[in-house]
Amino acid sequence: MGRARYLCLVLGVAAQLPLLPDAISAQEASKPRTFSTGYVFAETSGEELFANICQGCHMQDAMGATGAGTYPSLASNSYLQSSGYPVHVVVHGRRAMPPFGDMLSDDQIAAVVNYVRTHFGNNFRDAVTAGDVKDARR
Amino acid sequence: MRDKAQMVRRRDLLSLIGAMAGSSAMYHAMTSLGFAAESRYEGRIKLEGDPRGASVLILGAGLAGMTAALELRNAGYSVRVLEFNARPGGRNWTLRGGDRFVELGGLTQACEFEEGLYINPGPWRIPYHHRALLDYCRRLNVALEPFIQLNHNAYLHSSRAFGGRPQRIRAVQADFRGSISELLAKVTRQGKLDEAVTSEDQEILLQALRSWGALDRDYRYNANLISSESRGYAKAPGGGLSAAPTPSDPVVLSDILKSRLWRYLQNFANYNFQTTMFQPVGGMDMIGKAFAKELADVITYNAKVTGIAQNDGGVTVSFVDTTTPARRWTATADWCVCTIPLSILSQLPVQVSDATKAAIDAVPYSGSVKIGLQFKRRFWEEDEAIYGGISYTDMPIRQIAYPNTGFNRSGRAVLLGAYLFDGANAYEFTAMPPAERVARAVEFGAAIHPQYRDDFECGIAVAWHRVPFTLGCSGDWSDEARTQHYRNLCQIDGRIVLAGEHASALPAWQEGAVLSALDAVLRLHERVVRT
């Protein structure tokens, strides 16, 4: 009982401070995170591009998810073996997946494709170049 | 997506036309640019002729599916509806205190709003010209109230202009209009419009600019009581000894132009957003619930469709009950109206022609995020005199929309703390865990309303790419895909016809879903009574 009251008092004091009332939420919002300022993405590294775009649907572990339909898993995915396929899908989209060709540069697309092809149980070492992406735009 | 960049430029142009020439000029410009797609509703449909006991299986109990079910049943068909969710409505959806929402990936949010408070994660406003939807609201006794799109006392905010201080819409609009009127009056009086405007019309134009732009007798837009009548006063008119008003200082044109705040004015001029707009009293899902009440005996919930087959004799749909998914079920009918979003339908084995299949595969689904935030009090009303409407910002949250109901009450209220549609930020917010989406919305919103820091209580965030029953917000047709595939998507394919906002020229609007369903059942019925 005494302990519970003490906690309430502490929380009551915390709420007076010019902070978000929910301490966990305050932590969530204080982590550094890139926000793009226009229609195109500002992120540059493959890791950050994956974390800020791809994982929205394919999830943090790249395992995808299923509801009425499915977001395919990118983990240990043999479709990624041929590098041209993921490049084409990111540039032009596929079925419901939106095309990202106009929202990402050649370098960004190369970076994120290379990241996915070398993580999540994928180990395809033939790196994609910006030139490959440029060719795929045609 | 390339045409999206063009669209933004076209919209900038439209907002300028709207601001300079008024909404009627803007309407004509929009019509010629293909923006003002009007609802074609011509009143309640008549399905004449005897369907002779024909049966129709309808996939999806959203507004399209339930419109089709209602009309076909009234015309004498035997109908059955399969719905993935445990509730009717689909994207016609409201989250209230006590609701839980599990998004794709499994993260669960408990909505902790006070009783009676809600957000509409999907559609939230109904234009007056969406006549079909309004007619169903009337027929189904769904009470409506105004949705306030333009509140002159809400804000336009740029993090890179005016020191980050939000500006009242009233003042930005008046100053932009006043400055442009002053410029136009100046060139008119310098004779620079002599070739384009007759001298008689120039006289009238000058009168109009003075009236419309709140110019003084010298055609100047200045700090005086004339301009203050539009943009607001430094000290408003009062009573007694200190009654006299004091004029406020207009912002100069260069500052308005560089702030880019003018770009938000299109949100008040656009045909889709002109007053009067409506919302159902108590939440958007009142519409879906009202449809479902009529159709209670024909809707099967928790039915996840796994395949659609057809032959000369009819349609067979396989599905699982999501509460006991091990067992497979089939349903058969003479015909099928399929309103499953293309994001899902494109993944299913569907027995249709190559052309229809190509159309189903041709439409990406856009991202959108809405975040509802509950506060201890209506500080936007109490402190800032903002009663309903929307503030627009260049921050990633894009909008803060105030509740259009319960005005002037004390106690808690919920506002929409973010509404992102398309663009990079929608993806960035979708990729966050829900708790972070809420926290970020509070953090950004506090730049406009510092009261957030003391008064925020709880929130809920819906990212549409994470919504299990749609995998996206709405069909995002490119112009090329629409030219190539749209007619094929809408054609009756054997015994199957598609309907939904994706099969309309009003993408992402409920009116599009309803009109597509009406068009589909009209054509289907014609085929049934003819054969």
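For every chain, the first residue of the written sequence is number 1, and numbering continues from 1 along that sequence. Chains and ligands are labelled sequentially in the order written, the chains with letters from A and the ligands with numbers from 1. Since the coordinates come from a predicted model, pLDDT governs what is reported: local features require at least 70, and pairs of side-chain atoms require 80 or more to be given and counted, while whole-chain, interface and lining totals use all residues.

## Here we look at the overall build of chain B
Stage number 1. Where helices and strands are cited, they refer to DSSP runs of H or I of at least four residues and of E of at least two residues respectively, numbered from the N terminus. Per the secondary structure count, chain B includes 18 helices and 24 strands.
Stage number 2. Atoms counted for the radius of gyration: C-alpha only. Globule rule: 2.2 Å times residue count to the power 0.38. The C-alpha atoms of chain B give 26 Å as radius of gyration, which agrees with the globular expectation for 531 residues (24 Å, within 12%).
Stage number 3. Along the first, second and third principal axes, the C-alpha set of chain B runs to 80 × 60 × 40 Å.
Stage number 4. To sort residues by exposure, count the other C-beta atoms lying within 10 Å of each residue's C-beta; 20 or more gives buried, 12 or fewer gives exposed, and values between give partly exposed, all with C-beta atoms placed from the backbone. For chain B, the residues scored as buried account for 50% of the 531 residues in total.
Stage number 5. Sequence separation of at least 24 residues holds for 70% of the intrachain contacts in chain B that already meet a minimum separation of 6. Contact definition: two residues whose C-beta atoms, as placed from backbone geometry, lie within 7 Å.

## Let's talk about the overall build of chain A
Stage number 1. What chain A contains, in helices and strands, is 6 helices and 2 strands.
Stage number 2. Beginning at the N terminus, the succession of helices and strands in chain A can be written as α-α-α-β-β-α-α-α.
Stage number 3. Counting over 138 residues, chain A shows a buried share of 36%.
Stage number 4. Put simply, of all contacts in chain A between residues at least 6 apart along the chain, 50% involve residues at least 24 apart.

## Regarding the sheet that holds strand β17 (residues 328-333) of chain B
Working definition: the strands of a sheet are paired by backbone hydrogen bonds and lie parallel or antiparallel to each other.
Residue and element names in this part refer to chain B.
Stage number 1. Spatial strand order, β15-β16-β17: 3 strands in an open sheet with antiparallel pairing. The sheet is open, and its two edges are formed by β15 (303-311) and β17, each paired on a single side. When the angles between neighbouring strand axes are averaged without regard to direction, this sheet yields 25 degrees.
Stage number 2. Judged from the 8 bridges that link them, β15 and strand β16 (residues 314-321) form a sheet pairing that is antiparallel. Across the sheet, G307 pairs through a bridge with S318, a residue of β16. DSSP-based pairing: two strands are paired if at least 2 bridges between them are found. Each axis is a line fitted through C-alpha atoms, and for a helix only the stretch in contact is used; angles between axes span 0 to 180 degrees, taken between their N-to-C directions.

## Quick word on the environment of V305(B)
Residue and element names in this part refer to chain B.
Stage number 1. Take V305: it is sitting in strand β15.
Stage number 2. Residues V305 and L345, 40 residues apart in the sequence, show an inter-C-alpha distance of 9.2 Å.
Stage number 3. Once residues within four sequence positions are removed from consideration, V305 is found in contact with L59, L82, V317, F319, I340 and L348.

## Some words on unusual backbone geometry
Stage number 1. Here the bond from T275(B) into T276(B) is cis, since omega is 5 degrees, no more than 30 degrees from zero.
Stage number 2. As for its placement among the helices and strands, T276(B) is situated in the loop between α9 (266-269) and β13 (277-280).
Stage number 3. Notably, M59(A) is not glycine yet its phi reads approximately 75 degrees, a positive angle.
Stage number 4. Positionally, M59(A) belongs in the loop between α3 (46-58) and β1 (65-66).
Stage number 5. Phi at L471(B) is positive, roughly 55 degrees, even though this residue is not glycine.
Stage number 6. Its place among the elements puts L471(B) in the loop between β23 (456-463) and α17 (479-490).
Stage number 7. Residue classification places L471(B) among the buried residues on the basis of 27 C-beta atoms within 10 Å.

## Quick word on helix α14 (residues 423-430) of chain B
Stage number 1. Extensive coverage of α14(B) is indicated by the burial of 8 of its 8 residues.
Stage number 2. By the burial criterion, the buried members of α14(B) are G423(B), A424(B), N425(B), A426(B), Y427(B), E428(B), F429(B) and T430(B).
Stage number 3. The secondary structure elements touched by the buried residues of α14(B) are α3 of chain A together with β19 (368-375), β22 (413-421), α15 (434-445) and β23 of chain B.

## Focus on the sheet that holds strand β18 (residues 335-338) of chain B
Residue and element names in this part refer to chain B.
Stage number 1. Spatial ordering of the open sheet is given by β14-β2-β1-β18-β24, a layout of 5 strands whose pairing is parallel. Two strands close off the open sheet at either side, each with one partner strand: β14 (299-300) and β24 (496-498).
Stage number 2. Running over the sheet, helix α18 (residues 510-530) touches β18 and β24 and is turned about 170 degrees from β18.

## Notes on the interface of chain A and chain B
Stage number 1. Counting residues at the interface gives 35 residues for chain A, matched by 40 residues for chain B.
Stage number 2. Counting residues per element, the ones that place at least two in the side of chain A that touches chain B are α2 (23-30), α3 and β2 (70-71) of chain A.
Stage number 3. Note that Gly is not counted as nonpolar here; it falls among the polar residues with everything else outside the nonpolar set of Ala, Val, Leu, Ile, Met, Phe, Trp, Tyr, Cys and Pro and the charged set of Asp, Glu, Lys and Arg. For the side of chain A that touches chain B, the class distribution of residues is 22 nonpolar, 10 polar and 3 charged.

## Observations concerning the nonpolar core
Across soluble globular proteins, nonpolar side chains have a tendency to be buried as a group.
Residue and element names in this part refer to chain B.
Stage number 1. In these notes, a nonpolar core means any group of buried Ala, Val, Leu, Ile, Met, Phe, Trp, Tyr and Cys residues linked to one another through C-beta atoms within 7 Å. Counting residues in each nonpolar core, the largest one holds 177 residues, and the members touching the most others are V56, A68, C336, V337 and V514.
Stage number 2. The leading source of residues in this core is α18, at 9 residues.
Stage number 3. What V56 contacts, discounting residues up to four positions off in sequence, is L72, Y77, V79, A333, D334, W335, C336 and V337.

## Let's talk about the packing of α3(A) against α14(B)
Stage number 1. Packing of α3(A) against α14(B) brings their axes to within 7 Å, and their N-to-C directions diverge by 65 degrees. The pairing of α3(A) with α14(B) is recorded here as roughly perpendicular in orientation. In terms of crossing hand, the pair formed by α3(A) and α14(B) is left-handed. Residues N52(A), I53(A) and G56(A) of α3(A) lie in contact with α14(B), whose contacting residues are Y427(B), E428(B) and T430(B). For this classification, under 35 degrees means roughly parallel, over 145 means roughly antiparallel, 65 to 115 means roughly perpendicular, and everything else is oblique. Handedness of a crossing is defined here by the sense of rotation of the near helix relative to the far one, left-handed for an anticlockwise turn of less than a right angle and right-handed for a clockwise turn.

## A closer look at the confidence of the model for chain B
Residue and element names in this part refer to chain B.
Stage number 1. Scored from 0 to 100, pLDDT reflects the predictor's confidence in each residue. Per-residue confidence for chain B gives a mean pLDDT of 93; residues scoring 70 or more make up 93%.
Stage number 2. Every residue in residues 1-11 is under pLDDT 50, and counting partners more than four places away or in other chains gives 10 contacts.
Stage number 3. A low-confidence stretch, residues 20-37 stays under pLDDT 50, and its non-local contacts, those more than four residues away or across chains, total 23 contacts.
Stage number 4. With a pTM of 0.90, the predicted complex shows an ipTM of 0.89.

## What to know about the pairing of β22(B)
Residues and elements named next belong to chain B.
Stage number 1. Within β22, 7 of the 9 residues are buried, which leaves it mostly tucked inside the rest of the structure.
Stage number 2. Bridge analysis of β19 against β22 gives 8 bridges, and the strand direction is antiparallel. Along β22, the bridge assignment pairs L373 with L415.

## Regarding the packing of helix α3 (residues 63-74) of chain B against helix α10 (residues 285-294) of chain B
Residues and elements named next belong to chain B.
Stage number 1. At a minimum axis separation of 10 Å, α3 and α10 run at an interaxial angle of 30 degrees. In terms of orientation, α3 and α10 fall into the roughly parallel class. At the point where α3 passes α10, the crossing takes the left-handed sense. Here L63, M66 and L70 of α3 come into contact with α10, specifically with I287, G288, F291, A292 and E294.
Stage number 2. Split into classes, the residues belonging to the contact of α3 with α10 amount to 6 nonpolar, 1 polar and 1 charged.

## Focus: the pairing of strand β2 (residues 78-82) of chain B
All names here are of chain B.
Stage number 1. Of all 5 residues in β2, 4 are buried; the element is thus mostly enclosed.
Stage number 2. Pairing geometry for strand β1 (residues 55-59) and β2, over 5 bridges, is parallel. In the strand pairing of β2, L57 is matched with R80.
Stage number 3. Handedness rule for crossovers: strands pointing away from the viewer, path from the first strand over the helix to the second running clockwise, crossover right-handed. With respect to chirality, the unit in which β1 leads through α3 into the neighbouring parallel β2 is right-handed.
Stage number 4. Bridging between β2 and β14 involves 2 bridges; their strand directions are parallel. By the bridge assignment for β14, V81 is matched with I299.

## Here's the deal with the environment of D218(B)
Stage number 1. Here D218(B) is to be found in the loop between α6 (199-213) and α7 (225-231).
Stage number 2. With 9 C-beta atoms counted inside 10 Å, the residue D218(B) sits in the exposed group.

## Some remarks on helix α4 (residues 131-139) of chain B
Residue and element names in this part refer to chain B.
Stage number 1. Taken together, the buried positions of α4 are occupied by A132, L133, L134 and Y136.
Stage number 2. Considering only its buried residues, α4 is in contact with α3, β7 (126-127) and α18.
Stage number 3. After α4 finishes, the residue N141 shows a positive phi value of roughly 60 degrees.

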